[in-house]
Amino acid sequence: MKYLFIHQNFPGQYLHLVRHLVRQGGNEIVFISEDNANVIPGVRRVRYRVPRMATDRAHPGVRDLDMGLMRADAVAKAAQTLKTLGFVPDIILGHHGWGELLNIQDVYPNVPVLGYFEFYYHTEPGFDVDFDPEFPMAPEVIPLVRAKNTVNLLALTNPGYGQTPTEFQKSTYPRWAQDNITVLREGVDLEMCRPDPKAAKKTLKVGDVRITPKHKLVTYVARDLEPYRGFHEFMRALPRVLDEQPDAQVVVVGGDGVSYGARLPSGCWREIMLEELKGKLDLSRIHFVGKVSYETFRALLQRSDAHVYLTYPFVASWSLREAMAMGCALVGSATAPVEEFITDGETGLLAPFTEPERIADAILELLTNKPLAKRLRAAVRQEAERSLCMASYLADYEKLIARLIKDHSTTEQVLDKQVQTKDQEKDAAVAQASASKPRRARKTVAKTNGAAPPATPVKAPARARVAVKKAASAKVAAKTAVVAKSSPSVRKKRRPSV
């Protein structure tokens, strides 16, 4: 099989699938992306460069489209080079979010495209925008949110098929588009991400932080510490947790940037929340460790006594899936993305996103109720084995790809047959029409100067015909002489007057 992957940040959501296809052997894998240092042996990289950033003079609502079309042009150019070199894939897989797939149909019109649809933006209640009452949406922002779907809408109307990892994410797309989007749940490596019963009996070191068996560990993980992932509400829950559990230690993993939502004019949310809670926190027991290695991340979750995952109604993080696989005792926000993974009281505890007191209640329940925590740990691991198995995910992925290739091929054959049938029917109709029309005799119409032509033309005698010809020749000659006499090109030149 020949695979063409397209994602600006290689390998993006395709890490596990690409590795799987390489291990299979016999597959030719080409990946178009921007440049980065990531490497997967067995994958041929084709890098593209965006010629410029979106212009500041453009309306803010079209800047995403501007960047998307530039990426689409760059990817199409790279793909055309591949095609010129003889590479024609069996299927194309790519992420629609950055517009990179918008022109790929022009390069490979007969190759099926499986596009990753991540999220469709809304301005009505129930989704991320205007969800948090602490950050109301300004009226002028509403049109800009709608405009963010321009690339989405172009992608939805282009030929191809769609996939998305959760039912919630699928539900964000228009109803008319959902039938063409398959929910393909992303899997977790259950062998790498598994519970470690001995973790609580050992001392865990993360940089200068030491978590001993005597400590109760509360963990929080996000790419960046920001409101979209509930960082502000998590911090507001900590004063009570630390007051009521003197042996509790808190480790917070994440950077100080902004991955989602509005950027701050200065500073970061960590600094903002520490200032807000100044004097209410025992900072000797809260450890901000920044971004850590994957090994450290796994060790923290395996050791965690209560892991907190909060999010707006938005895309669920991979860390939630991994925390489930590692059997964490989970406290989640009662928002749609989390509720699709966690059932309150069965596989974790859910609390309202905007109520830090309720979040604190759930954390303390897990820290003090060991039988409950043990039961939830076992149940969430079982749920991960049922719904997040990597082997099942990859098998489902391959089945979907095979079905799309087959359906696409069948559709192409049907369309070709329909075209051939229409051409044949058209040719037959033309032939039948020609055969059914009687052939008409060719008529010769004589010039009669308005007089009715004789019923049967009669030839004049030969002597008369000769006379007519001579008269006509004389008439032509006279006319030619008159023209020649009046023509400037043959008129004699007068001598200039002296």
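Our structure is the block above this text.
The notes below deal with the structure included here. (Residues numbered from 1 in each chain as written. Predicted model: local features only at pLDDT ≥ 70, side-chain atom pairs only at ≥ 80, totals over all residues. Heavy atoms only, no water.)

### Looking at the side chain of Gln13
Okay, step 1: Tracing the sequence through the fold places Gln13 in the loop between β1 (2–6) and α1 (15–24).
Okay, step 2: For Gln13, a relative accessible area of 14% translates into the label buried.
Okay, step 3: Here the side chain of Gln13 touches His7 through a polar contact of 2.9 Å, side chain to side chain.
Okay, step 4: Apart from the residues within four sequence positions on either side, Gln13 is in contact with His7, His95, Tyr116, Glu118, Glu186, Trp318 and Tyr393. (Helix = DSSP H or I, 4+ residues; strand = E, 2+ residues; numbered from the N terminus. Buried < 20%, exposed > 50% of the residue type's maximum accessible area, 1.4 Å probe, protein only. Polar contact = N/O pair within 3.5 Å; in protein donor to acceptor, adjacent residues only side chain to side chain. Contact = heavy atoms within 4.5 Å.)

### Here's the deal with the packing of helix α8 (residues 231–244) against helix α13 (residues 356–368)
Okay, step 1: The contact between α8 and α13 brings their axes to 8 Å, and the two run at 45 degrees. Our classification of the angle between α8 and α13 gives oblique. The interaxial crossing formed by α8 with α13 has right-handed handedness. Along the contact surface, α8 presents Glu233, Arg236, Ala237, Arg240, Val241 and Glu244, while α13 presents Pro356, Glu357, Ile359, Ala360, Asp361, Ile363, Leu364 and Leu367.
Okay, step 2: Here the contact of α8 with α13 is composed, by residue class, of eight nonpolar, no polar and six charged. (Axes fitted to C-alpha atoms, helices over the stretch in contact; angles between N-to-C directions. Parallel < 35°, antiparallel > 145°, perpendicular 65-115°, else oblique. Left-handed = near helix turned anticlockwise from the far one by under 90°. Nonpolar A, V, L, I, M, F, W, Y, C, P; charged D, E, K, R; others polar.)

### Section: the pattern of salt bridges
Okay, step 1: Considering all chains together, one arrives at 22 salt bridges under this definition.
Okay, step 2: Between Asp66 and Arg52 there is a salt bridge whose closest N-O contact spans 3.0 Å. Placement of the pair is Asp66 in helix α2 (residues 63–84) and Arg52 in the loop between β3 (44–47) and α2, with a sequence separation of 14 residues.
Okay, step 3: Given a relative accessible area of 39%, Arg52 falls into the partly exposed group.
Okay, step 4: Close ionic contact of Asp361 with Arg240 constitutes a salt bridge, the shortest N to O distance being 2.6 Å. One end of the pair, Asp361, is in helix α13; the other, Arg240, is in helix α8, and 121 residues separate them in sequence.
Okay, step 5: Looking at Asp361, the relative accessible area reads 34%, which means it is partly exposed.
Okay, step 6: One network of salt bridges, in which partners are shared, links Glu134, Glu233, Arg236 and Glu276. (Salt bridge = Lys/Arg side-chain N within 4 Å of Asp/Glu carboxyl O.)

### Describing the pairing of strand β10 (residues 216–224)
Across a regular strand the side chains alternate sides, sitting on one face of the sheet and then on the other.
Okay, step 1: Of all nine residues that make up β10, seven are buried, and the element is covered over most of its length.
Okay, step 2: Across seven bridges, the pairing between β10 and strand β11 (residues 248–255) is parallel. Within β11, the position partnered with Tyr220 by the bridge is Val252.
Okay, step 3: As paired elements, β10 and strand β13 (residues 306–309) share three bridges and run parallel to each other. (Pairing = 2+ DSSP bridges.)

### A few points about the nonpolar core
Okay, step 1: In this structure, Phe231, Phe234, Met235, Val250, Val252, Ile363 and Leu366 are the most contacted members of the largest nonpolar core, which totals 43 residues.
Okay, step 2: Mapped by element, the contributors of at least two residues to this core are β10, α8, β11, α9 (269–276), β13, β15 (349–351), α13 and α14 (370–387).
Okay, step 3: Setting aside chain neighbours within four positions, we find Phe231 in contact with Tyr220, Leu225, Glu226, Val252, Trp269, Arg270, Met273 and Phe288.
Okay, step 4: One finds Leu190, Cys193, Leu330 and Leu350 within the second-largest nonpolar core, a separate group that totals 31 residues. (Core = buried A, V, L, I, M, F, W, Y, C linked by side-chain atoms within 4.5 Å.)

### Regarding the packing of aromatic side chains
Okay, step 1: Throughout the structure, instances matching the rule amount to 22 aromatic pairs.
Okay, step 2: Ring geometry for Tyr120 and Tyr173: centres 5.5 Å apart, planes at 55 degrees, overall tilted. Of the two residues, Tyr120 is situated in the loop between β5 (113–116) and α4 (142–147) and Tyr173 in the loop between α6 (167–171) and α7 (175–178); the sequence distance between them amounts to 53 residues. Accessibility classification places Tyr120 together with Tyr173 in one group, the buried group.
Okay, step 3: When the centroid spacing of 5.1 Å and the interplanar angle of 80 degrees are considered together, the rings of Tyr228 and Phe314 count as edge-to-face. Taken as a pair, Tyr228 in the loop between β10 and α8 and Phe314 in the loop between β13 and α11 (318–325) lie far apart in primary sequence, 86 residues in all.
Okay, step 4: Judged by relative accessible area, Tyr228 falls into the buried class, the value being 12%. (Phe/Tyr/Trp six-rings, centres within 6.5 Å; stacked < 30°, edge-to-face > 60°.)

### Some words on helix α10 (residues 294–303)
Okay, step 1: Looking at α10, one finds that the buried residues are Phe297, Arg298, Leu300, Leu301, Gln302 and Arg303.
Okay, step 2: In this structure, the buried residues of α10 make contact with β8 (204–206), β9 (209–211), β10, β11, β13 and α11.

So, to be careful, I would describe these as geometric facts and stop short of saying anything about function.
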